[in-house]
Amino acid sequence: AIFSFTCLVGAQNYRFSSDFKFGVATSAYQVEGAWNVSGKGENIWDWITHTYPNYVLDGSNADDTCLSYYKTKEDVQLLKDLGVNYYRFSISWSRLLPTGHSYSLNEDGVRYYLELIDELLDNGINPVVTMFHWDLPYPLHELGGWPNPLLDDYFVQYAKKLFQLFGDKVKYWITFNEPFVFCHHGYGSGVLAPGYVQDGIGSYLCGHTVLLAHAKTFKLYNDDFRRDQQGQVGISLDTLWYEPASNSREDLQAATNKIQSVLGWFAHPIFSTAGDYPSTMRERIDKLSLEVEGYRRSRLPRFSTEEIDLIKGSSDFFGLNHYRTEICQTAPEFLYESPSYLKDSDAFCYSPPDPNAAWGLRKLLNWIKTEYNNPPVFISESGFADNTGTLNDCDRVDYFNSYLEQVLLAIEEDNCRVISYTAWSLLDNFEWSLGYQSKYGLHYVDFDDPDRPRIPKRSAKVYANIIRTKAIDS
Ligand code: BG6
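1. Describing the nonpolar core
Step number 1: Grouped together as the largest cluster of nonpolar side chains are 140 residues, with contacts concentrated most on Trp45, Trp146 and Tyr421.
Step number 2: No other element matches helix α9 (residues 202–229), which puts eleven residues into this core.
Step number 3: Once you skip the residues sitting within four places of it in the chain, Trp146 turns out to touch Trp93, Phe132, Leu136, Leu151, Phe155, Phe176, Phe182, Tyr187, Leu205, Cys206, Thr209 and Val210.
Step number 4: Among the nonpolar cores identified, the runner-up in size contains five residues, and Val128, Ile174, Phe317 and Phe378 belong to it.

2. Considerations on the pairing of strand β2 (residues 86–90)
Step number 1: Counting buried residues in β2 gives five out of five residues, a clear majority hidden from the surface.
Step number 2: Here β2 shows two buried faces, one formed by Tyr86, Arg88 and Ser90 and the other by Tyr87 and Phe89.
Step number 3: Pairing geometry for strand β1 (residues 21–25) and β2, over three bridges, is parallel. Within β2, the residue paired with Gly23 across the bridge is Tyr86.
Step number 4: Pairing geometry for β2 and strand β3 (residues 126–132), over five bridges, is parallel. In the strand pairing of β3, Ser90 is matched with Thr130.

3. Quick word on the site of the ligand
Step number 1: The environment of the ligand is formed by Gln30, His133, Trp134, Asn177, Glu178, Tyr323, Glu381, Trp424, Glu431, Trp432 and Tyr440.
Step number 2: One nitrogen or oxygen atom from the side chain of His133 is found 2.8 Å from an oxygen atom belonging to the ligand.
Step number 3: Interatomic distance of 2.5 Å between a side-chain N/O atom of Glu431 and an oxygen atom of the ligand.
Step number 4: Protein contacts shield 78% of the accessible area of the ligand, which totals 390 Å² for the unbound molecule.

4. Some thoughts on helix α10 (residues 249–271)
Step number 1: Its 23 residues place the ends of α10 only 27 Å apart at the C-alpha level, less than the 33 Å of an ideal helix rising 1.5 Å per residue.
Step number 2: The sharpest bend along α10 measures roughly 70 degrees and falls at Gly264.
Step number 3: In terms of burial, α10 is a largely internal element, 18 of the 23 residues being buried.

5. Some remarks on the layout of surface pockets
Step number 1: Roughly 160 Å³ of internal volume is contained in the second largest pocket.
Step number 2: Lining the second largest pocket are Asp19, Lys21, Asn85, Tyr86, Asn126, Val128, Tyr172, Gln232, Phe378, Ile419 and Ser420.
Step number 3: Of all the secondary structure elements, the ones that give two or more residues to the lining of the second largest pocket are β3 and β13 (418–424).
Step number 4: Split by residue class, the lining of the second largest pocket holds five nonpolar, four polar and two charged.

6. Overview of helix α3 (residues 72–82)
Step number 1: Within α3 the residues assigned to the buried category are Thr72, Asp75, Val76, Leu78, Leu79 and Leu82. What you see down the axis of α3 is that its buried residues fit within an arc of 150 degrees, all on one side. Of the exposed residues in α3, the ones pointing more than 90 degrees away from its buried face are Lys73 and Asp81.
Step number 2: The first or second residue beyond α3 is Gly83, which carries a positive phi of 80 degrees.

7. Some words on the sheet that holds strand β11 (residues 347–350)
Step number 1: Here three strands make up an open sheet; going across it, the order is β6-β10-β11 and the pairing mixed. A strand with exactly one partner marks an edge of an open sheet, and here the two such strands are β6 (241–244) and β11. Put simply, the sheet's adjacent strands are angled 40 degrees from each other on average, direction ignored.
Step number 2: Sheet topology note: the β6/strand β10 (residues 325–330) ladder contains four bridges and is parallel. In the strand pairing of β10, Tyr242 is matched with Glu326.
Step number 3: Running over the sheet, α10 touches β6, β10 and β11 and is turned about 170 degrees from β6.

8. A word on the packing of α10 against helix α11 (residues 279–287)
Step number 1: Interhelical geometry of α10 versus α11 gives an angle of 100 degrees and a closest axis separation of 9 Å. In terms of their interaxial angle, α10 and α11 are classed as roughly perpendicular. Where α10 approaches α11, its residues Gln253, Asn257, Gln260, Ser261 and Trp265 are matched on the opposing element by Thr280, Met281 and Arg284.
Step number 2: Tallied by class, the residues present in the contact of α10 with α11 amount to two nonpolar, five polar and one charged.

9. What about the sheet that holds strand β9 (residues 318–321)?
Step number 1: Strands sit in the order β1-β2-β3-β4-β5-β9-β12-β13 around a closed barrel of eight strands; the barrel is parallel. The sheet shows a mean angle of 25 degrees between the axes of neighbouring strands, direction not considered.
Step number 2: Note that strand β12 (residues 377–381) and β13 share three bridges and pair parallel. Following the sheet pairing, Val377 is matched in β13 by Val418.
Step number 3: The sheet contacts of helix α16 (residues 458–469) involve β1 and β13, and relative to β1 the element is tilted by about 155 degrees.

10. Regarding the pairing of β12
Step number 1: Burial within β12 is extensive, with five of its five residues counted as buried.
Step number 2: With four bridges connecting them, β9 and β12 associate as parallel partners. Each residue of the ladder has a partner; that of Gly319, found in β12, is Phe378.
Step number 3: The parallel pair β12 and β13, bridged by helix α15 (residues 394–414), forms a crossover whose chirality is right-handed.

11. Topic: the pattern of salt bridges
Step number 1: The tally for this structure, following the rule as stated, stands at 26 salt bridges.
Step number 2: With a shortest N-O distance of 3.5 Å, Arg362 and Glu413 are connected by a salt bridge. One end of the pair, Arg362, is in helix α14 (residues 359–371); the other, Glu413, is in helix α15, and 51 residues separate them in sequence.
Step number 3: Assessed through its relative accessible area of 44%, Glu413 is described here as partly exposed.

12. A closer look at the confidence of the model for the protein chain
Step number 1: Summarising the model, the protein chain shows a mean pLDDT of 94, and 96% of its residues fall at 70 or more.
Step number 2: Contacts for the low-pLDDT stretch residues 1–5, under 50 throughout, to residues beyond four places or in other chains number twelve contacts.
Step number 3: Interface confidence for the predicted complex, given as ipTM, is 0.95, next to a pTM of 0.96.

What counts as what
Residues numbered from 1 in each chain as written. Predicted model: local features only at pLDDT ≥ 70, side-chain atom pairs only at ≥ 80, totals over all residues. Heavy atoms only, no water. Core = buried A, V, L, I, M, F, W, Y, C linked by side-chain atoms within 4.5 Å. Buried < 20%, exposed > 50% of the residue type's maximum accessible area, 1.4 Å probe, protein only. Helix = DSSP H or I, 4+ residues; strand = E, 2+ residues; numbered from the N terminus. Contact = heavy atoms within 4.5 Å. Pairing = 2+ DSSP bridges. Near = heavy atom within 4 Å. Polar contact = N/O pair within 3.5 Å; in protein donor to acceptor, adjacent residues only side chain to side chain. Areas by Shrake-Rupley, 256 points an atom, 1.4 Å probe, with all protein chains shown as cover. Expected span 1.5 Å × (residues − 1). Bend = angle between axes of the 7 residues up to and from the residue. 1 Å grid on protein atoms, 1.4 Å probe; cavity = no way out; pocket = protein on both sides within 12 Å on 5 of 7 lines; lining within 4 Å. Points joined across faces, edges and corners; volume = space filled by probe spheres on them. Nonpolar A, V, L, I, M, F, W, Y, C, P; charged D, E, K, R; others polar. Arc of directions from axis to C-beta. Axes fitted to C-alpha atoms, helices over the stretch in contact; angles between N-to-C directions. Parallel < 35°, antiparallel > 145°, perpendicular 65-115°, else oblique. Right-handed = clockwise from strand over helix to strand, strands pointing away. Salt bridge = Lys/Arg side-chain N within 4 Å of Asp/Glu carboxyl O. pLDDT = per-residue confidence, 0-100.

Below is the structure:
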(Lines give C-alpha, C1' and ligand atoms only; values in the text may rest on other atoms or scores of the structure.)
Protein backbone atom coordinates (compact mmCIF):
# COMPACT_ATOMS: atom_id res chain seq x y z
CA ALA A 1 0.00 0.00 0.00
CA ILE A 2 1.20 3.50 -0.73
CA PHE A 3 -0.26 4.82 2.51
CA SER A 4 0.49 3.88 6.07
CA PHE A 5 -3.18 3.14 6.77
CA THR A 6 -5.05 1.54 3.94
CA CYS A 7 -8.47 1.60 2.45
CA LEU A 8 -9.91 -1.84 1.71
CA VAL A 9 -8.55 -3.39 -1.46
CA GLY A 10 -9.09 -6.58 -3.35
CA ALA A 11 -5.75 -8.27 -3.96
CA GLN A 12 -5.01 -9.19 -7.56
CA ASN A 13 -1.93 -10.52 -9.24
CA TYR A 14 -2.87 -9.23 -12.66
CA ARG A 15 -1.61 -6.01 -14.18
CA PHE A 16 -3.07 -3.91 -16.98
CA SER A 17 -1.19 -4.29 -20.24
CA SER A 18 0.91 -1.39 -21.46
CA ASP A 19 -1.63 -0.49 -24.16
CA PHE A 20 -4.56 -0.29 -21.74
CA LYS A 21 -5.50 3.39 -21.34
CA PHE A 22 -6.68 5.32 -18.31
CA GLY A 23 -8.52 8.61 -18.30
CA VAL A 24 -10.91 10.86 -16.42
CA ALA A 25 -14.07 12.59 -17.64
CA THR A 26 -16.11 15.75 -17.18
CA SER A 27 -18.82 17.47 -19.20
CA ALA A 28 -19.12 21.08 -20.32
CA TYR A 29 -22.22 22.16 -18.41
CA GLN A 30 -21.06 20.45 -15.24
CA VAL A 31 -17.63 22.14 -15.03
CA GLU A 32 -17.19 25.10 -17.38
CA GLY A 33 -19.29 27.83 -15.82
CA ALA A 34 -19.13 31.10 -17.80
CA TRP A 35 -22.67 30.35 -18.94
CA ASN A 36 -23.22 33.65 -20.76
CA VAL A 37 -19.66 34.75 -21.46
CA SER A 38 -18.11 35.73 -24.80
CA GLY A 39 -20.97 34.94 -27.07
CA LYS A 40 -22.14 31.62 -25.63
CA GLY A 41 -25.80 30.90 -26.37
CA GLU A 42 -28.36 29.63 -23.89
CA ASN A 43 -28.88 25.89 -23.55
CA ILE A 44 -31.70 23.87 -22.00
CA TRP A 45 -29.89 23.56 -18.66
CA ASP A 46 -29.33 27.31 -18.45
CA TRP A 47 -32.97 27.76 -19.31
CA ILE A 48 -34.50 25.19 -16.95
CA THR A 49 -32.40 26.15 -13.91
CA HIS A 50 -33.12 29.85 -14.43
CA THR A 51 -36.81 29.40 -15.14
CA TYR A 52 -37.47 26.87 -12.36
CA PRO A 53 -34.97 27.73 -9.61
CA ASN A 54 -35.91 24.61 -7.63
CA TYR A 55 -35.64 22.20 -10.53
CA VAL A 56 -32.36 20.90 -9.07
CA LEU A 57 -32.62 19.56 -5.53
CA ASP A 58 -30.40 22.16 -3.84
CA GLY A 59 -31.78 25.01 -5.94
CA SER A 60 -28.45 25.41 -7.71
CA ASN A 61 -27.33 25.77 -11.31
CA ALA A 62 -24.02 25.57 -13.15
CA ASP A 63 -23.72 29.26 -14.09
CA ASP A 64 -20.28 29.28 -12.48
CA THR A 65 -19.71 25.75 -11.16
CA CYS A 66 -15.97 24.82 -11.27
CA LEU A 67 -15.04 27.79 -13.51
CA SER A 68 -13.08 25.41 -15.73
CA TYR A 69 -13.59 27.80 -18.63
CA TYR A 70 -10.98 30.03 -16.92
CA LYS A 71 -8.72 27.28 -15.66
CA THR A 72 -7.41 25.40 -18.66
CA LYS A 73 -3.80 25.31 -17.54
CA GLU A 74 -4.62 24.49 -13.93
CA ASP A 75 -6.93 21.61 -14.86
CA VAL A 76 -4.52 20.17 -17.37
CA GLN A 77 -1.87 20.25 -14.65
CA LEU A 78 -4.20 18.13 -12.47
CA LEU A 79 -4.54 15.69 -15.34
CA LYS A 80 -0.81 15.59 -15.75
CA ASP A 81 -0.34 14.89 -12.05
CA LEU A 82 -2.76 11.97 -12.40
CA GLY A 83 -0.75 10.69 -15.35
CA VAL A 84 -3.86 9.95 -17.44
CA ASN A 85 -3.51 8.97 -21.08
CA TYR A 86 -6.57 10.96 -22.09
CA TYR A 87 -9.11 13.50 -20.90
CA ARG A 88 -12.72 12.99 -21.89
CA PHE A 89 -14.56 16.33 -21.94
CA SER A 90 -17.55 17.59 -23.86
CA ILE A 91 -18.00 20.56 -26.13
CA SER A 92 -20.78 22.94 -25.28
CA TRP A 93 -22.76 23.09 -28.53
CA SER A 94 -24.10 26.54 -27.62
CA ARG A 95 -20.65 27.93 -26.81
CA LEU A 96 -19.52 26.97 -30.30
CA LEU A 97 -22.76 27.56 -32.22
CA PRO A 98 -24.92 29.89 -30.08
CA THR A 99 -28.13 29.25 -32.02
CA GLY A 100 -27.40 25.58 -32.54
CA HIS A 101 -27.12 26.16 -36.26
CA SER A 102 -23.72 25.78 -37.91
CA TYR A 103 -23.79 29.26 -39.48
CA SER A 104 -23.64 30.88 -36.03
CA LEU A 105 -19.99 30.14 -35.22
CA ASN A 106 -18.72 31.83 -32.04
CA GLU A 107 -15.01 32.58 -32.39
CA ASP A 108 -14.43 32.62 -28.65
CA GLY A 109 -15.79 29.09 -28.43
CA VAL A 110 -13.32 27.98 -31.09
CA ARG A 111 -10.47 29.72 -29.24
CA TYR A 112 -11.41 28.15 -25.88
CA TYR A 113 -11.59 24.58 -27.17
CA LEU A 114 -8.47 24.94 -29.30
CA GLU A 115 -6.54 26.20 -26.27
CA LEU A 116 -7.77 23.27 -24.19
CA ILE A 117 -6.94 20.72 -26.90
CA ASP A 118 -3.49 22.23 -27.49
CA GLU A 119 -2.71 22.36 -23.78
CA LEU A 120 -3.65 18.69 -23.48
CA LEU A 121 -1.57 17.66 -26.47
CA ASP A 122 1.42 19.72 -25.28
CA ASN A 123 1.25 17.70 -22.08
CA GLY A 124 0.98 14.33 -23.79
CA ILE A 125 -2.72 13.85 -22.99
CA ASN A 126 -5.13 12.76 -25.71
CA PRO A 127 -8.39 14.69 -26.02
CA VAL A 128 -11.45 12.41 -26.13
CA VAL A 129 -14.33 14.66 -27.11
CA THR A 130 -18.01 14.12 -26.42
CA MET A 131 -20.11 16.08 -28.87
CA PHE A 132 -23.31 16.03 -26.87
CA HIS A 133 -23.50 15.73 -23.11
CA TRP A 134 -27.09 16.91 -22.60
CA ASP A 135 -26.79 20.70 -23.01
CA LEU A 136 -28.97 21.22 -26.09
CA PRO A 137 -28.97 24.79 -27.49
CA TYR A 138 -32.24 26.38 -26.39
CA PRO A 139 -33.33 27.41 -29.92
CA LEU A 140 -33.32 23.72 -30.89
CA HIS A 141 -35.48 22.96 -27.88
CA GLU A 142 -37.97 25.45 -29.29
CA LEU A 143 -38.21 23.16 -32.30
CA GLY A 144 -39.26 20.38 -29.93
CA GLY A 145 -35.80 19.03 -29.15
CA TRP A 146 -34.75 15.45 -29.88
CA PRO A 147 -38.25 14.05 -30.46
CA ASN A 148 -38.25 16.19 -33.61
CA PRO A 149 -36.60 14.19 -36.45
CA LEU A 150 -35.20 17.47 -37.85
CA LEU A 151 -32.67 17.52 -35.03
CA ASP A 152 -30.53 14.85 -36.65
CA ASP A 153 -29.60 17.24 -39.44
CA TYR A 154 -28.70 20.01 -36.98
CA PHE A 155 -26.52 17.55 -35.12
CA VAL A 156 -24.72 16.31 -38.24
CA GLN A 157 -23.98 19.91 -39.28
CA TYR A 158 -22.59 20.59 -35.80
CA ALA A 159 -20.48 17.39 -35.95
CA LYS A 160 -19.16 18.44 -39.34
CA LYS A 161 -18.01 21.74 -37.85
CA LEU A 162 -16.26 19.84 -35.07
CA PHE A 163 -14.41 17.58 -37.51
CA GLN A 164 -13.43 20.62 -39.61
CA LEU A 165 -12.27 22.72 -36.66
CA PHE A 166 -10.66 20.15 -34.40
CA GLY A 167 -10.38 16.88 -36.34
CA ASP A 168 -6.71 17.26 -37.15
CA LYS A 169 -6.01 17.18 -33.39
CA VAL A 170 -8.85 15.15 -31.89
CA LYS A 171 -8.70 11.43 -32.69
CA TYR A 172 -11.43 10.10 -30.42
CA TRP A 173 -14.99 11.31 -30.82
CA ILE A 174 -18.04 10.28 -28.81
CA THR A 175 -21.21 11.46 -30.52
CA PHE A 176 -23.67 11.12 -27.63
CA ASN A 177 -23.36 10.60 -23.92
CA GLU A 178 -25.98 8.23 -22.49
CA PRO A 179 -28.92 8.57 -24.88
CA PHE A 180 -30.96 6.32 -22.61
CA VAL A 181 -30.64 8.81 -19.76
CA PHE A 182 -31.29 12.05 -21.61
CA CYS A 183 -34.08 10.56 -23.74
CA HIS A 184 -35.82 8.71 -20.95
CA HIS A 185 -35.43 11.39 -18.30
CA GLY A 186 -35.53 14.45 -20.58
CA TYR A 187 -38.61 13.43 -22.59
CA GLY A 188 -40.19 10.66 -20.49
CA SER A 189 -39.90 11.04 -16.73
CA GLY A 190 -39.06 14.74 -16.88
CA VAL A 191 -36.38 14.69 -14.19
CA LEU A 192 -33.72 16.04 -16.56
CA ALA A 193 -33.94 19.06 -18.87
CA PRO A 194 -36.04 19.88 -20.78
CA GLY A 195 -38.32 18.19 -18.22
CA TYR A 196 -40.93 16.80 -20.62
CA VAL A 197 -43.22 14.17 -19.18
CA GLN A 198 -44.28 11.99 -22.08
CA ASP A 199 -43.47 8.64 -20.64
CA GLY A 200 -43.10 5.82 -23.12
CA ILE A 201 -43.59 8.19 -26.08
CA GLY A 202 -41.26 11.21 -26.14
CA SER A 203 -38.31 9.09 -25.04
CA TYR A 204 -38.68 6.68 -27.97
CA LEU A 205 -39.00 9.53 -30.46
CA CYS A 206 -35.86 11.09 -28.96
CA GLY A 207 -33.94 7.80 -29.15
CA HIS A 208 -34.96 7.33 -32.77
CA THR A 209 -33.60 10.74 -33.82
CA VAL A 210 -30.43 10.24 -31.79
CA LEU A 211 -29.64 6.85 -33.35
CA LEU A 212 -30.03 8.32 -36.83
CA ALA A 213 -27.98 11.41 -35.92
CA HIS A 214 -25.23 9.19 -34.56
CA ALA A 215 -25.16 6.93 -37.62
CA LYS A 216 -25.22 9.86 -40.06
CA THR A 217 -22.30 11.43 -38.19
CA PHE A 218 -20.35 8.17 -38.40
CA LYS A 219 -21.05 8.01 -42.14
CA LEU A 220 -19.98 11.63 -42.57
CA TYR A 221 -16.68 10.88 -40.86
CA ASN A 222 -16.15 7.81 -43.06
CA ASP A 223 -17.01 9.65 -46.26
CA ASP A 224 -15.25 12.98 -45.73
CA PHE A 225 -12.78 12.90 -42.86
CA ARG A 226 -11.51 9.45 -41.92
CA ARG A 227 -8.88 9.19 -44.65
CA ASP A 228 -7.13 12.41 -43.61
CA GLN A 229 -7.85 12.50 -39.92
CA GLN A 230 -7.50 8.80 -39.03
CA GLY A 231 -9.57 9.05 -35.87
CA GLN A 232 -12.27 6.94 -34.24
CA VAL A 233 -15.94 7.70 -33.71
CA GLY A 234 -18.13 5.96 -31.15
CA ILE A 235 -20.99 6.47 -28.72
CA SER A 236 -21.24 6.18 -24.92
CA LEU A 237 -24.10 3.99 -23.73
CA ASP A 238 -25.00 3.52 -20.11
CA THR A 239 -26.40 0.67 -18.15
CA LEU A 240 -26.35 -0.76 -14.69
CA TRP A 241 -25.89 -4.50 -14.43
CA TYR A 242 -29.31 -6.06 -13.80
CA GLU A 243 -28.91 -9.23 -11.80
CA PRO A 244 -31.93 -11.56 -11.71
CA ALA A 245 -33.32 -11.90 -8.18
CA SER A 246 -33.58 -15.67 -8.59
CA ASN A 247 -33.18 -18.38 -11.18
CA SER A 248 -36.89 -18.44 -11.85
CA ARG A 249 -37.86 -18.03 -15.49
CA GLU A 250 -39.81 -14.86 -14.64
CA ASP A 251 -36.92 -13.14 -12.88
CA LEU A 252 -34.43 -14.11 -15.58
CA GLN A 253 -36.82 -12.72 -18.16
CA ALA A 254 -37.32 -9.52 -16.14
CA ALA A 255 -33.56 -8.91 -15.94
CA THR A 256 -33.18 -9.57 -19.67
CA ASN A 257 -36.08 -7.27 -20.53
CA LYS A 258 -34.55 -4.59 -18.38
CA ILE A 259 -31.07 -4.62 -19.91
CA GLN A 260 -32.55 -4.80 -23.40
CA SER A 261 -34.78 -1.82 -22.70
CA VAL A 262 -31.90 0.25 -21.31
CA LEU A 263 -28.73 -0.83 -23.13
CA GLY A 264 -30.21 -2.88 -25.98
CA TRP A 265 -32.44 0.02 -27.03
CA PHE A 266 -29.31 1.77 -28.36
CA ALA A 267 -26.71 -0.99 -28.55
CA HIS A 268 -28.74 -3.52 -30.53
CA PRO A 269 -29.29 -1.23 -33.55
CA ILE A 270 -25.58 -0.33 -33.63
CA PHE A 271 -23.66 -3.39 -32.45
CA SER A 272 -25.77 -6.51 -33.13
CA THR A 273 -25.52 -8.39 -36.41
CA ALA A 274 -29.28 -8.17 -36.92
CA GLY A 275 -29.53 -4.42 -36.27
CA ASP A 276 -32.78 -2.61 -35.35
CA TYR A 277 -34.34 -2.46 -31.88
CA PRO A 278 -34.15 -5.64 -29.76
CA SER A 279 -37.02 -7.98 -30.59
CA THR A 280 -38.07 -8.27 -26.91
CA MET A 281 -38.44 -4.50 -26.80
CA ARG A 282 -40.28 -4.29 -30.12
CA GLU A 283 -42.74 -7.07 -29.21
CA ARG A 284 -43.53 -5.75 -25.74
CA ILE A 285 -44.04 -2.15 -26.79
CA ASP A 286 -46.07 -3.10 -29.84
CA LYS A 287 -48.28 -5.27 -27.66
CA LEU A 288 -48.77 -2.48 -25.12
CA SER A 289 -49.49 0.18 -27.71
CA LEU A 290 -52.90 1.42 -28.69
CA GLU A 291 -54.98 -0.32 -31.26
CA VAL A 292 -56.85 2.24 -33.33
CA GLU A 293 -59.55 1.03 -35.73
CA GLY A 294 -57.94 -2.37 -36.05
CA TYR A 295 -54.39 -1.03 -36.53
CA ARG A 296 -51.80 -1.29 -33.84
CA ARG A 297 -49.87 1.98 -33.75
CA SER A 298 -46.69 1.28 -31.84
CA ARG A 299 -45.17 3.92 -29.59
CA LEU A 300 -41.76 2.66 -30.75
CA PRO A 301 -41.03 4.12 -34.19
CA ARG A 302 -39.77 1.94 -37.05
CA PHE A 303 -36.57 2.22 -39.07
CA SER A 304 -36.58 1.59 -42.80
CA THR A 305 -34.31 -1.20 -44.11
CA GLU A 306 -31.84 1.45 -45.32
CA GLU A 307 -31.80 3.07 -41.89
CA ILE A 308 -31.21 -0.27 -40.18
CA ASP A 309 -28.19 -0.81 -42.43
CA LEU A 310 -26.93 2.73 -41.88
CA ILE A 311 -27.02 2.38 -38.11
CA LYS A 312 -25.60 -1.15 -37.98
CA GLY A 313 -21.85 -1.07 -37.34
CA SER A 314 -21.74 2.70 -36.92
CA SER A 315 -19.15 2.79 -34.13
CA ASP A 316 -15.43 2.15 -33.91
CA PHE A 317 -15.74 1.24 -30.23
CA PHE A 318 -18.39 0.47 -27.63
CA GLY A 319 -18.38 3.36 -25.14
CA LEU A 320 -19.74 2.08 -21.83
CA ASN A 321 -20.77 4.14 -18.81
CA HIS A 322 -21.32 1.93 -15.81
CA TYR A 323 -21.79 2.87 -12.17
CA ARG A 324 -23.48 0.07 -10.25
CA THR A 325 -25.68 -3.02 -10.10
CA GLU A 326 -29.34 -3.61 -9.32
CA ILE A 327 -31.35 -6.76 -8.62
CA CYS A 328 -34.40 -7.30 -10.83
CA GLN A 329 -37.50 -9.37 -10.50
CA THR A 330 -40.70 -9.58 -12.42
CA ALA A 331 -42.78 -6.46 -11.80
CA PRO A 332 -45.52 -6.73 -9.19
CA GLU A 333 -49.08 -6.13 -10.35
CA PHE A 334 -49.29 -2.58 -8.98
CA LEU A 335 -46.59 -1.45 -11.39
CA TYR A 336 -48.95 -2.05 -14.27
CA GLU A 337 -50.76 1.05 -13.09
CA SER A 338 -47.57 3.08 -13.35
CA PRO A 339 -45.97 4.82 -16.32
CA SER A 340 -45.65 3.00 -19.58
CA TYR A 341 -41.88 2.83 -19.62
CA LEU A 342 -41.98 0.56 -16.56
CA LYS A 343 -44.59 -1.59 -18.22
CA ASP A 344 -42.46 -1.70 -21.34
CA SER A 345 -39.59 -3.32 -19.49
CA ASP A 346 -41.75 -5.27 -17.03
CA ALA A 347 -39.06 -5.40 -14.34
CA PHE A 348 -38.88 -4.20 -10.79
CA CYS A 349 -35.28 -3.42 -9.80
CA TYR A 350 -33.65 -2.34 -6.57
CA SER A 351 -30.22 -1.92 -4.96
CA PRO A 352 -28.41 -5.05 -3.79
CA PRO A 353 -27.49 -5.55 -0.12
CA ASP A 354 -23.84 -5.03 -1.05
CA PRO A 355 -23.96 -1.50 -2.48
CA ASN A 356 -20.51 -1.84 -4.00
CA ALA A 357 -21.38 -4.82 -6.18
CA ALA A 358 -18.41 -4.50 -8.51
CA TRP A 359 -18.90 -8.07 -9.79
CA GLY A 360 -21.75 -6.67 -11.87
CA LEU A 361 -19.27 -4.93 -14.14
CA ARG A 362 -17.56 -8.22 -15.00
CA LYS A 363 -20.93 -9.83 -15.75
CA LEU A 364 -21.88 -6.84 -17.88
CA LEU A 365 -18.64 -6.98 -19.87
CA ASN A 366 -19.29 -10.66 -20.52
CA TRP A 367 -22.87 -9.94 -21.54
CA ILE A 368 -21.64 -7.35 -24.07
CA LYS A 369 -19.02 -9.77 -25.33
CA THR A 370 -21.62 -12.45 -26.03
CA GLU A 371 -24.43 -10.24 -27.23
CA TYR A 372 -22.39 -8.06 -29.59
CA ASN A 373 -19.51 -10.31 -30.64
CA ASN A 374 -16.80 -8.93 -28.36
CA PRO A 375 -16.46 -5.33 -29.52
CA PRO A 376 -13.61 -3.17 -28.15
CA VAL A 377 -15.11 -1.64 -25.00
CA PHE A 378 -14.06 1.86 -24.02
CA ILE A 379 -15.29 2.30 -20.45
CA SER A 380 -16.10 5.98 -20.76
CA GLU A 381 -17.43 6.58 -17.23
CA SER A 382 -17.42 4.80 -13.91
CA GLY A 383 -17.42 6.40 -10.51
CA PHE A 384 -18.74 6.84 -7.03
CA ALA A 385 -20.52 9.73 -5.31
CA ASP A 386 -20.39 10.74 -1.70
CA ASN A 387 -21.80 13.85 -0.10
CA THR A 388 -19.09 14.35 2.46
CA GLY A 389 -16.45 15.90 0.25
CA THR A 390 -13.83 14.39 2.53
CA LEU A 391 -10.26 14.34 1.27
CA ASN A 392 -9.67 10.93 2.81
CA ASP A 393 -12.24 9.31 0.52
CA CYS A 394 -11.78 5.63 1.30
CA ASP A 395 -15.16 4.66 -0.15
CA ARG A 396 -14.17 6.05 -3.53
CA VAL A 397 -10.79 4.31 -3.34
CA ASP A 398 -12.57 1.01 -2.59
CA TYR A 399 -14.87 1.61 -5.50
CA PHE A 400 -12.08 2.15 -8.04
CA ASN A 401 -10.01 -0.72 -6.69
CA SER A 402 -12.88 -3.18 -6.77
CA TYR A 403 -14.25 -2.09 -10.16
CA LEU A 404 -10.80 -2.12 -11.75
CA GLU A 405 -10.20 -5.57 -10.30
CA GLN A 406 -13.32 -6.79 -12.11
CA VAL A 407 -12.11 -5.19 -15.34
CA LEU A 408 -8.83 -7.05 -15.00
CA LEU A 409 -10.64 -10.34 -14.38
CA ALA A 410 -12.88 -9.77 -17.40
CA ILE A 411 -9.84 -9.15 -19.59
CA GLU A 412 -7.55 -11.85 -18.23
CA GLU A 413 -9.96 -14.66 -17.45
CA ASP A 414 -12.88 -14.05 -19.79
CA ASN A 415 -11.12 -12.55 -22.83
CA CYS A 416 -13.30 -9.47 -22.89
CA ARG A 417 -11.81 -6.73 -25.06
CA VAL A 418 -11.67 -3.77 -22.70
CA ILE A 419 -9.37 -1.04 -23.96
CA SER A 420 -9.73 1.72 -21.39
CA TYR A 421 -11.18 2.90 -18.10
CA THR A 422 -12.42 6.42 -17.40
CA ALA A 423 -13.00 7.67 -13.87
CA TRP A 424 -15.93 10.01 -13.38
CA SER A 425 -14.91 12.63 -12.47
CA LEU A 426 -11.82 14.84 -12.47
CA LEU A 427 -13.58 17.34 -10.17
CA ASP A 428 -16.43 17.62 -7.74
CA ASN A 429 -18.95 19.36 -9.97
CA PHE A 430 -22.59 20.17 -10.63
CA GLU A 431 -24.74 17.04 -10.54
CA TRP A 432 -27.83 17.14 -12.75
CA SER A 433 -30.42 16.23 -10.11
CA LEU A 434 -28.63 16.87 -6.84
CA GLY A 435 -26.57 19.97 -7.57
CA TYR A 436 -23.48 20.32 -5.43
CA GLN A 437 -24.59 17.80 -2.76
CA SER A 438 -23.29 14.85 -4.63
CA LYS A 439 -19.53 14.69 -5.09
CA TYR A 440 -17.87 12.46 -7.65
CA GLY A 441 -14.50 14.20 -7.88
CA LEU A 442 -10.99 12.84 -7.57
CA HIS A 443 -10.40 16.47 -6.65
CA TYR A 444 -12.27 18.43 -4.04
CA VAL A 445 -13.50 21.84 -5.23
CA ASP A 446 -14.26 24.55 -2.69
CA PHE A 447 -17.50 26.05 -4.04
CA ASP A 448 -17.57 28.67 -1.26
CA ASP A 449 -14.36 30.18 -2.53
CA PRO A 450 -14.89 32.49 -5.55
CA ASP A 451 -11.69 31.11 -7.07
CA ARG A 452 -12.85 27.46 -6.81
CA PRO A 453 -9.54 25.99 -5.63
CA ARG A 454 -9.02 22.26 -6.32
CA ILE A 455 -7.41 19.85 -3.85
CA PRO A 456 -6.54 16.24 -4.73
CA LYS A 457 -8.36 13.67 -2.62
CA ARG A 458 -6.82 10.41 -1.55
CA SER A 459 -8.54 8.72 -4.53
CA ALA A 460 -6.59 10.98 -6.91
CA LYS A 461 -3.33 9.75 -5.46
CA VAL A 462 -4.42 6.12 -5.54
CA TYR A 463 -5.67 6.43 -9.14
CA ALA A 464 -2.38 8.07 -10.17
CA ASN A 465 -0.53 5.17 -8.62
CA ILE A 466 -2.68 2.61 -10.44
CA ILE A 467 -1.99 4.39 -13.72
CA ARG A 468 1.75 4.53 -13.04
CA THR A 469 2.13 0.91 -11.92
CA LYS A 470 -0.69 -0.58 -14.06
CA ALA A 471 -1.62 -2.53 -10.97
CA ILE A 472 -4.31 -2.18 -8.33
CA ASP A 473 -2.89 -0.95 -5.07
CA SER A 474 -2.85 -3.84 -2.59
C1 BG6 B 1 -23.65 9.93 -15.77
C2 BG6 B 1 -23.45 11.21 -16.52
O3 BG6 B 1 -24.98 9.52 -15.92
O4 BG6 B 1 -23.50 9.91 -14.42
C5 BG6 B 1 -22.69 12.25 -15.76
O6 BG6 B 1 -22.89 10.99 -17.77
C7 BG6 B 1 -23.18 12.29 -14.34
O8 BG6 B 1 -22.84 13.48 -16.41
C9 BG6 B 1 -22.93 10.95 -13.68
O10 BG6 B 1 -22.58 13.30 -13.63
C11 BG6 B 1 -23.50 10.85 -12.27
O12 BG6 B 1 -24.87 10.88 -12.32
P13 BG6 B 1 -25.85 10.77 -11.10
O14 BG6 B 1 -27.18 10.54 -11.70
O15 BG6 B 1 -25.38 9.65 -10.24
O16 BG6 B 1 -25.80 12.08 -10.36
